[in-house]
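A look at the structure
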Amino acid sequence: MHENEKIQLFESAPIPRAVAKLAVPMIFSSLVMVLYNMADTYFVGMMNDPVENAAVSLASPVLLAFNAVNNLFGVGTSSMMSRALGRKDYKTVSESSAFGFYCSLISGVLFGLLCGLLNSPLLTLIGADKTTWAATQGYMFWAVYLGAAPAILNVVMAYLVRSEGAAMHASIGTMSGCILNIILDPIFILPWGLNMGAAGAGLATFLSNCMACLYFFVLLYVKRGNTFVCIDPRKFRLKKRIIIEVCGVGIPASIQNLLNVTGMTILNNFTSVYGADAVAAMGIAYKVYMVPMQVALGFSQGIMPLISYTFAAGRIRRMKDTILFALKLIVPVLAVVTIGYYAGSDALIGLFMKNETIIAYGSTFLRGFCLGIVFLSIDFLAVGVFQALGLGRYALIFAIMRKVVLEIPALIILNRLFPLYGLAYAQFVAELILSICAVVMLRHIFKKYGEKKNGNKKDRTVDCNL
C-alpha cells in the first residue's frame, strides 16, 4: 500500500469516513464468523439430537482458547505495526509482522498436538460425559486437533493485513472461509449428505480455515512489494524490543481470552448438571448473543489501527474525537438490539431447534445475556483503546476484573440463589460494573493527554511516556 494512501486514511480523512472504512469490513467479517459458528449449531440442530448439539456447545471453550493465541500475536503485533507506521518506522513494521506470523504458526501446531495428546482429560475438563463423549471427540478431532493451526493463522494474518489499513482485504479473507463453512456444513452434517453429525461440523470448520489461509497467502504474493506485511522467514528475528512490545499488548489480551475460556468452562459445567437439553439451550442462547457481541468487538478492533496511528503520530485530538464518535455510534445501536432480543427471544431460539424444553430454557438464558450488550460495547471499546495505545497493563486489569473478580463469583452466587437460570445474568452484572470503570479510565486518558497540542511534533514522543 502506498504511503500517501495511509496518510489520507489515517491523518486527513473525515473521522466518520475513516471509521467506516476500517470498522465496517471488520464488523461484516465478525458477523459472518458468528454466522459460521452458528451454522454448526443450526445444522446440527436440524438433526433434533440434543447430544450432537451439546457436543458443539461443549467444544466452544476450546475454540475460544484459539483467541488467546490470536490476541497474543494478532492484537499485539497489529498494535505494534500501526504505531510503527505512525512513526514512519517501516523496518519495524516488517520485522514485527514476520514475528507475529511465524509465532502464530508454531503456536497453532503445538496447540493442536497438545490437545490431541491430552484428549481424555480435556474432554472431561470441558464437561463431556458418557452420553456426549463420542460426539464431542468427533467434533474436536477436526476443529481442534487438526484445525488449530489454520484457525489461528488465518485470524492472525487478518490482523496483520488490517494493521496497515487494508480492512477490506482482511475481511474478505476471513469471510471466504466462513462462507465455505456454511456451504459445507449441511453436506457433512445432515443425513442426506455424509451424515457425520457434530464431526461433520468440525470437518467443515477445518476446511474453511484452510481456505482462508490460502486467500491470505495469495493476497500477500500478489501485493508483494506493495505491502508492509512480511512473512519472509529471513525477517523473523527474536529481537528483544519486538518481543517486549508485542507481548506487552498481546499477553494481557491473551490472558483475557483464557479467562473467557475459564468462564465458559465453568458455565458449561454448571449447566451440564441439568442435562443435555440445558447444555444445548445454553449453547444456542450464547451463540445468538454472540451476534451483537461480535459487532461490538469488531467495531472496537476495527478502529484500533486508526487510534494507534494517530496516537503515535501525535494527532491526539483526532484520536480522542475518534473514540467519542465510536461511543456515540455503537451505544444507541446496541440498545435497540437489546430491546429486540429481549422481546423476540422465543422466536430466536426456535430458529435452531423445534424443542419446547430447549426453547423455554434458551429464551430465558438469552434474556439474561442480552441485558449486558450495551455495557459490553463500552468495555470492548475501552479495552481496544488500551491495546491500541500499548497500555497492556490496563487491558489485563480489566480482564481480571471481568472474569476473576466479577463474572465467575457472580456465576457461583447466582446459580446458588437462582439454580440454572441465574447463570445467564452473571455476565450482565459483571459488564455493568466494568462499564462504569471503562468510562472512568477513558476520562483519565483524555485528561492525561488533554494538554497535548494536536499535530505538535513534541507529541510524537507521547507513546514513550506511558
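Cut-off values and rules
Chains are numbered independently. Their residues run from 1 in the order of the written sequence. A pLDDT threshold of at least 70 governs which residues receive local features in this predicted model, and a stricter bar of 80 or more applies before side-chain atom pairs are shown or counted, although totals over entire chains, interfaces and linings include all residues. To obtain the side-chain values, all non-hydrogen atoms of the structure were included, while hydrogens and water were left out. UniProt positions are given in the numbering used here, feature names are shortened, and annotations may be inferred rather than shown by experiment. Per the convention used, a helix needs a DSSP run of H or I reaching at least four residues, while a strand needs a run of E reaching at least two, with both numbered from the N terminus. Two distance rules govern patches: like charges are joined within 9 Å, and nonpolar side chains (Val, Leu, Ile, Met, Phe, Trp, Tyr) within 5 Å, applied only to residues with over 30% relative accessible area and no salt bridge. For the area figures, the Shrake-Rupley method with a 1.4 Å probe applies, and any residue is considered shielded solely by the protein chains shown. Should a side-chain nitrogen of Lys or Arg be within 4 Å of a carboxyl oxygen of Asp or Glu, the pair is scored as a salt bridge. Between rings of Phe, Tyr and Trp, where Trp is taken as its six-membered ring, a pair exists when centres lie within 6.5 Å; planes separated by under 30 degrees are stacked, by over 60 edge-to-face, and by other angles tilted. Whether a residue is buried, partly exposed or exposed follows from its accessible area with a 1.4 Å probe, protein chains only, as a fraction of its type maximum: under 20%, in between, or over 50%, in that order. When the NZ atom of lysine or the CZ atom of arginine is within 6 Å of a ring's centre and also within 35 degrees of its normal, the charge is said to sit over that ring. Put simply, the grid is 1 Å and covers the protein atoms alone, a cavity is a trapped set of points that fit a 1.4 Å probe, a pocket is an open set with protein on both sides within 12 Å along at least five of seven lines, and lining residues have an atom within 4 Å of a point. Grid points are joined across faces, edges and corners, and a volume is the space filled by probe spheres set on the points. By the convention adopted, Pro, Cys, Tyr, Trp, Phe, Met, Ile, Leu, Val and Ala count as nonpolar, Lys, Arg, Asp and Glu as charged, and the other residues, Gly among them, as polar. To define a nonpolar core, start from buried Ala, Val, Leu, Ile, Met, Phe, Trp, Tyr and Cys residues and group those joined through side-chain atoms within 4.5 Å. For every residue, the predictor reports its confidence as pLDDT, a number between 0 and 100. Expected helix span is computed as 1.5 Å times (number of residues minus one). Only heavy atoms enter the contact rule, under which two residues are in contact if any of them lie within 4.5 Å.

Looking up the protein in an unreviewed UniProt entry gives the name Multidrug export protein MepA, with the organism given as Claveliimonas monacensis. According to UniProt, the comment filed for the protein under the heading Sequence similarities (unreviewed entry) is "Belongs to the multi antimicrobial extrusion (MATE) (TC 2.A.66.1) family. MepA subfamily." Within the UniProt record for the protein, the comment given under Subcellular location (unreviewed entry) is "Cell membrane".

1. Looking at unusual backbone geometry
Here the phi dihedral of Asn 195 falls at roughly 55°; this positive angle occurs in a residue that is not glycine. Unlike most non-glycine residues, Leu 420 shows phi in positive territory, near 70°. Residue placement: Leu 420 occurs in the loop between α17 (392-417) and α18 (426-448).

2. Quick word on a nonpolar patch on the surface
On the surface, a cluster of nonpolar side chains totalling about 530 Å² of accessible area is made up of Ile 179, Ile 183, Ile 187, Trp 192 and Leu 194. As for its position among the elements, Leu 194 is in the loop between α8 (167-189) and α9 (198-222).

3. Remarks on the packing of aromatic side chains
Overall, the coordinates contain 19 aromatic pairs when judged by the stated rule. Consider the rings of Phe 101 and Tyr 102, whose centres lie 4.8 Å apart with planes at 90°: the pair is edge-to-face. Accessibility expressed as a relative area gives 4% for Phe 101, which makes it buried. Look at Phe 141 and Trp 142: their rings are 5.1 Å apart centre to centre, the planes differ by 85°, and that puts the pair in the edge-to-face class. Here a set of aromatic residues connected by ring pairs shows up, and it is made of Phe 73, Phe 99, Phe 101, Tyr 102, Phe 217 and Phe 236. Sitting over the face of the ring of Tyr 159, Arg 162 holds its NZ or CZ atom 5.5 Å from the ring centroid. Between Arg 393 and the ring centre of Tyr 394, over which it is positioned, the NZ or CZ distance is 5.0 Å.

4. A closer look at empty space enclosed by the protein
Scanning the model with the defined rule gives four cavities of 30 Å³ or more in all. There is about 70 Å³ of room inside the second largest cavity. Lining the second largest cavity we find Ser 78, Ser 79, Ser 82, Tyr 159, Arg 162, Ser 163, Gln 301, Met 304, Pro 305 and Ser 308. Elements that contribute at least two residues to the lining of the second largest cavity include exactly α3 (50-86), α7 (148-163) and α12 (304-312).

5. What about the layout of surface pockets?
Computed from the structure, the second largest pocket encloses a volume of approximately 220 Å³. Around the second largest pocket, the lining residues are Pro 61, Val 62, Ala 65, Phe 111, Leu 114, Cys 115, Leu 118, Leu 122, Leu 125, Ile 126, Val 261 and Thr 265. Residue assignment for the lining of the second largest pocket shows that the elements contributing at least two residues are α3, α4 (90-117), α5 (119-125) and α10 (240-272). Classifying every residue of the lining of the second largest pocket gives eleven nonpolar, one polar and no charged.

6. With respect to the nonpolar core
Among the nonpolar cores identified, the biggest contains 147 residues, and Phe 111, Met 140, Val 144, Phe 365, Phe 369, Phe 386 and Leu 389 are the most heavily contacted of them. For this core, the element with the most residues is α3, which contributes 16 residues. Listed in part, the five residues of the second largest apolar core include Phe 188, Leu 203, Ala 204 and Phe 206.

7. Quick word on the confidence of the model for the protein
The predicted structure's coordinates, where accompanied by low pLDDT, should not be read in detail. For the protein, the mean per-residue pLDDT works out to 84, and 94% of the residues sit at or above 70. By mean pLDDT, helix α1 (residues 3-12) is the weakest element of the protein at 67, and α4 is the strongest at 92.

8. Digging into α7
For α7, which comprises 16 residues, the first-to-last C-alpha distance of 23 Å matches the rise-based estimate of 22 Å (1.5 Å per residue) to within 8%. Burial analysis of α7 places 16 of its 16 residues in the buried class, which makes it a mostly covered element. Taken from the residues just after α7, Gly 165 is the one with a positive phi, measuring 95°.

9. Side note on the side chain of Ser 171
By secondary structure assignment, the location of Ser 171 is in helix α8. In contact with Ser 171, not counting residues within four places along its chain, are Pro 25, Met 26 and Ser 29.

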